[in-house]
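Residue-level listing of the chains:
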Amino acid sequence: MVEIEIDGKTVEIQQGSMVMDAAKKIGTHIPHFCYHKKLSIAANCRMCLVEVEKAPKPLPACATPVTPGMKVFTHSEKAVQAQKSVMEFLLINHPLDCPICDQGGECQLQDLAVGYGKTTSRYDEEKRVVFHKNVGPLISMEEMSRCIHCTRCVRFGQEIAGVMELGMLNRGEHSEITSFVGKTVDSELSGNMIDLCPVGALTSKPFRYSARTWELGRKRSVSPHDSMGSNVVMQTKANQVLRTVPLENEAINECWISDKDRFAYEGLNSKDRLKNPMVKQDNQWIETDWESALDYVARSLSSIKEDHGSDAIAALAHPISSVEELYLLKTLMTGLGSNNTETRLRSQDVSGAATAPWLGMKIADVSQLQRAFFIGSFLRKDQPLLAARVRAATKRGLKVTRLGASTEDWLMPVAASAQVSPANWPAELAGIAAAVAQAKGVSAPSNAAISAQAKAIADSLLSGERKAVFLGAAAMAHPQFSQLHAYAQFIANQTEATLGFLPEGGNAVGAHIVKAVSASGINGLLAKNLKAVLLMNIEPGADLPDPQLAKQALAKAGTVIAMTAFDSAELREVVDVLLPITPYTETSGSFINLEGSLQSTQAVVKPLGSARPAWKVLRVLGNLMSMDGFYFNSSDEVLDEAVPKNFAEQLNNTTSAAPAITSTFTPAIERLADVTIHSTDAIVRRAPALQLTQDAKKALKLGVPTDLMMQLQLKEGDVVRVTQAGSSVNMPVTEERALTSGVVRLSAGTAFSAQLGGMFGQLSVERV
């Protein structure tokens, strides 16, 4: 520790720290632009110049290391004069367009100009002009003349997002920030550049000219679009969410959020919003009131229970639903005598499933890992913020290994990658288990062949100290997931690693805590002779693993009730009743994220139209059917009953399934289905800006490996006919060199995949 003096105050700080860090520790503000606590030091704005005793000239506080006995003066005449000189220099070319700038009212340059700027400028020459640039649908670079070259955006891309998409062009007065020629900014974390920009150079394109900052109301919330549970601030005006920005929480999302969390709010204001209950009669949809709609639902469910038994009734809910909603849905089904409640919408194999799968550690602990093995994960797109932590950890020595069907770029070093078709994931994992067993001198769970990649992954996990084995969303959706789980458990146990899960949905862990899962799994439920199905926050074609199986099951059911915030042609085709429920921004609720943290939110705007919170709808339904356990006055009361205080003790990743001998299998062409980052739930799918991104466009193309492109004589953009399980669809192709031979990527959750079968299995591809 080093002791220094700042403005007469003594402060003790770690050796190697900068003067800026010491000043922050005692609450002394030093003006700055380029400095950011999460980024490397650039020291190029010079706004943080301070006077240091015995130094011949002012020094930048962000880049000056502390030394014993140092005396710093942040507000001396010499320091202030230096800061004012820098401000005058920064304003030479800056346009005076604050009245029309989206950053107005929350601009660092504006704030500091008040304290350090002059009333008039000595600069009479012509100001420079930087022409605008189009870098995609999310970030606006229309006014780059405002840029002060702090390079925060450049450093963020290189250091946090892992990809340099912006850089500095030219020198001196002609310097400008730009993207590579003809390229857009496509990182899944790119929106954070908007927050980092201290001026109005980078602004939000969807929010552009929507409101002034002082007109906006602000409420804290939690993003449910993935299982991280990122903390956000929802900014509202006229009962609409107009912007989402990160709320700093070092333990979960640090000070970042993904683009999905940031821009999904557009879906909340979609024209598809369902405002009134609707019932289908004689194939005609009619609007009705809540009393009539709920009476119809209650009578239908009671009648079906009497005529066909409780097992003919099922409820399916998206894990974007809150703990309170899932608990009351489960309680309603239990009151009807049914155990058919399911939230693991893409899990086809639930035999021996863990009782409450979770990350296995705190999110912050991922940053301290030395070895990490990912099985069946599209990490960068499934969990963007977790990927950022893993990426940062690789700079500190973390060795990452993975098993999948693609060597897609995770923007980080990958020490070893086992790349095989999905059908062969169990066999390859068995080989890794055999390699571990061989090194440990214990009996292997199977006599699987050990490939070079399997040996490399095993060797990696057998070294180091803090280790983890993670099962990703693609592994959890695999038809042989119980085998993947069993082998992963063996590997984790033998290498003394933590076994963890990377589930989908903001409340995937909470769903297990309130027991909103069934013994049959999603495909088992749909295979039953169902007569009534209750859907909550679900669109069958996009959210279920086999859209054709789902449509057939719903067509056979006499009554299908959809509790949804959105109307759609697809829902009207398969359901009989539409009940408008509110999204998470219009009701209070709680979510348990992948690390097992319970986070509660409040409504940020009032319900739209006649929409009602799902927990209130379920409460009334339970009362109409004279069930016990539905007398609640608030969501807090529901939460108190739904989640025990010691619920963390229920978190458990153990499987009862035993590893079995697995043989290899190679179909002609096999499907690999990713759930793309912008198609995970109904809200995200209705966000216009997100659907214009490269990620969304890529999901609408069939990814084909190079050898198959040559075999079928295809070129980029050609249309092919894809046939799976008797259904066909025509779609364009794109070459993906990272794919394993014989595997094509056909994303789930799109209009194309809704016309086909399951997420895994054999399909055929032919030229049109």
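Residues numbered from 1 in each chain as written. Predicted model: local features only at pLDDT ≥ 70, side-chain atom pairs only at ≥ 80, totals over all residues. Heavy atoms only, no water.

A.B. asks: Can you break down the overall build of the protein chain residue by residue, with the values?
C.D. replies: Scanning the protein chain from terminus to terminus reveals 24 helices and 34 strands. By its C-alpha atoms, the protein chain is 90 × 65 × 55 Å across when sized along the principal axes. Looking at the 768 residues of the protein chain, the share that counts as buried comes to 61%. In the protein chain, of all internal contacts separated by at least 6 residues, the share reaching a separation of at least 24 is 72%. Taken as a whole, the protein chain presents about 29,900 Å² of accessible surface, with 50% of it coming from carbon and sulfur. (Helix = DSSP H or I, 4+ residues; strand = E, 2+ residues; numbered from the N terminus. Buried < 20%, exposed > 50% of the residue type's maximum accessible area, 1.4 Å probe, protein only. Contact = heavy atoms within 4.5 Å. Areas by Shrake-Rupley, 256 points an atom, 1.4 Å probe, with all protein chains shown as cover.)

A.B. asks: Tell me about the UniProt feature "domain: 4Fe-4S Mo/W bis-MGD-type" (unreviewed entry) in the protein chain, residues and numbers included.
C.D. replies: According to UniProt, the feature "domain: 4Fe-4S Mo/W bis-MGD-type" (unreviewed entry) maps to residues 216-272 in the numbering used here. Along residues 216-272 one finds 16% helix and 35% strand; the C-alpha atoms at either end are 24 Å apart. (UniProt positions renumbered as here; feature names shortened; annotations may be inferred.)

A.B. asks: A description of the sheet that holds strand 6 (residues 133-134) should follow, citing residues and the corresponding values.
C.D. replies: Strand pairing in a sheet relies on backbone hydrogen bonds. The paired strands run either parallel or antiparallel. Pairing within the open sheet is antiparallel, and its three strands lie in the order 6-7-10. Bordering the open sheet on either side are strand 6 and strand 10 (203-204), each of which pairs with just one other strand. One ladder, built from two bridges, connects strand 6 with strand 7 (residues 139-141); its direction is antiparallel. Across the sheet, the residue bridging to K133 is M141, located in strand 7. (Pairing = 2+ DSSP bridges.)

A.B. asks: Explain the UniProt feature "domain: 4Fe-4S His(Cys)3-ligated-type" (unreviewed entry) in the protein chain residue by residue, including any values.
C.D. replies: As recorded in UniProt, the sites labelled "domain: 4Fe-4S His(Cys)3-ligated-type" (unreviewed entry) are residues 78-117. As annotated, residues 78-117 has a helix share of 55% and a strand share of 0%, and its two end C-alpha atoms lie 16 Å apart.

A.B. asks: Provide a residue-level description of the environment of I252, including the pertinent values.
C.D. replies: For I252, the position within the fold is in the loop between strand 13 (240-246) and helix 6 (259-263). Linking I252 and S76, residues 176 residues apart in sequence, is a C-alpha distance of 40 Å. Discounting residues that sit within four places of it in the chain, I252 has contacts with M228, G229, S230, N231, I363, R389, N593, E595 and Q599.

A.B. asks: Lay out the environment of W410 in plain terms, naming residues and giving numbers.
C.D. replies: Along the polypeptide, W410 turns up in the loop between strand 19 (399-404) and strand 20 (416-419). You can call W410 buried: its relative accessible area is 2%. Between the C-alpha atom of W410 and that of A387, which follows or precedes it by 23 residues, the distance is 8.0 Å. A distance of 3.2 Å separates polar atoms of two side chains, one belonging to W410 and the other to E408. (Polar contact = N/O pair within 3.5 Å; in protein donor to acceptor, adjacent residues only side chain to side chain.)

A.B. asks: Can you lay out the sheet that holds strand 4 (residues 59-60) for me, pointing to particular residues and giving the numbers?
C.D. replies: The mixed open sheet is built from five strands, whose spatial order is 2-1-5-3-4. Looking at the sheet topology across the chains shown, the edges are occupied by strand 2 (9-13) and strand 4. Inspection of the sheet shows strand 3 (residues 49-52) paired to strand 4 by two bridges, in the antiparallel sense. Residue V50 lies in a different strand from strand 4, and its bridge partner there is L59. Contacts from helix 2 (residues 77-90) reach strand 3 and strand 5 (71-73) within the one sheet, and its direction differs from that of strand 3 by about 160°. (Axes fitted to C-alpha atoms, helices over the stretch in contact; angles between N-to-C directions.)

A.B. asks: Explain the domain arrangement of the protein chain to me, and be specific about the residues and the numbers.
C.D. replies: In many reports, interface size means the accessible area that the parts give up when they come together. With domains assigned, the protein chain is organised as domain 1 (1-92), domain 2 (278-346 + 508-645), domain 3 (363-501) and domain 4 (670-767). Averaged C-alpha coordinates put domain 2 and domain 3 at centres separated by 36 Å. Facing four residues of domain 2, the contacting portion of domain 3 comprises five residues. Buried surface at the junction of domain 2 and domain 3, both sides included, amounts to about 350 Å², of which 59% is carbon and sulfur. Interface area lost by domain 2 to domain 3 is led by R346, L594 and E595, which between them contribute 95%. Counting the contacts that link domain 2 with domain 3 gives zero salt bridges. Applying the counting rule to domain 2 against domain 3 returns one residue pair in polar contact (both at pLDDT 80 or more). Of the residues in the side of domain 2 that touches domain 3, the class split is one nonpolar, one polar and two charged. (Domains from an automatic or database assignment. Buried area = accessible area lost by both parts, 1.4 Å probe. Salt bridge = Lys/Arg side-chain N within 4 Å of Asp/Glu carboxyl O. Nonpolar A, V, L, I, M, F, W, Y, C, P; charged D, E, K, R; others polar.)

A.B. asks: Can you break down helix 12 (residues 425-440) residue by residue, with the values?
C.D. replies: Because the α-helix completes a turn every 3.6 residues, residues three or four places apart line up on one side. Taking 1.5 Å of rise per residue, 16 residues should cover 22 Å, and helix 12 covers 22 Å from first to last C-alpha, within 8% of that figure. Of all 16 residues in helix 12, 13 are buried; the element is thus mostly enclosed. Directly after helix 12, the chain includes G441, whose backbone phi takes a positive value near 75°. (Expected span 1.5 Å × (residues − 1).)

A.B. asks: Just give me the short version of the pairing of strand 30 (residues 719-724), but keep the residues and values in it.
C.D. replies: Here strand 30 shows one buried face, formed by V720, V722 and Q724, and one open face, formed by V719, R721 and T723. As paired elements, strand 30 and strand 31 (residues 727-735) share six bridges and run antiparallel to each other. By the bridge assignment, V720 is partnered in strand 31 with M731. The hairpin formed by strand 30 and strand 31 contains two residues between the paired strands, and A725 there has a positive phi angle of roughly 50°. Of the pairings in the sheet, the one linking strand 30 to strand 34 (residues 764-767) comprises four bridges and is antiparallel in character. Following the sheet pairing, V722 is matched in strand 34 by V765.

A.B. asks: Before we move on, could you go through unusual backbone geometry and cite the residues and values that matter?
C.D. replies: Glycine aside, negative phi is the norm for most residues, and most peptide bonds take the trans geometry. The phi angle at L411 is positive, at roughly 60°, despite the residue not being glycine. Along the chain, the position of L411 falls in the loop between strand 19 and strand 20. Of note, K515 is a non-glycine position whose phi angle comes to about 65°, a positive value. Residue position: K515 is located in the loop between helix 16 (508-513) and helix 17 (521-526). The class for K515 is partly exposed, based on a relative accessible area of 46%.

A.B. asks: Can you explain the state of the cysteines? Please cite residues and give values.
C.D. replies: Overall, the coordinates contain zero disulfides when judged by the stated rule. In this model C98 remains outside any disulfide bridge; the closest cysteine sulfur is found in C107, 6.4 Å from its own. Classification of C98 by relative accessible area gives partly exposed; the value is 36%. Residue C107 stays outside any disulfide, its sulfur separated by 6.2 Å from that of C101, the closest cysteine. (Disulfide = S-S within 2.5 Å.)

A.B. asks: Could you give me a rundown of the side chain of S230, with the residues and numbers involved?
C.D. replies: Within the element layout of this structure, S230 appears in the loop between strand 11 (217-222) and strand 12 (231-237). Within the local environment of S230, its side chain forms a polar contact with the side chain of D261, the two groups lying 3.4 Å apart. What S230 contacts, discounting residues up to four positions off in sequence, is S221, V222, S223, I252, N253, I257, D261 and L385.

A.B. asks: Describe a negative patch on the surface, and please don't skip the residues or the numbers.
C.D. replies: A surface patch of negative charge is lined by D636, E637, D640 and E641. Its location among the elements puts E641 in helix 22 (residues 635-642). Exposure remark for E641: the relative accessible area of 44% places this residue in the partly exposed category. (Patch = residues over 30% accessible without salt bridge, like charges linked within 9 Å, V, L, I, M, F, W, Y side chains within 5 Å. Lys, Arg positive; Asp, Glu negative; His and termini not counted. Charge placed at Lys NZ, Arg CZ, Asp CG, Glu CD.)

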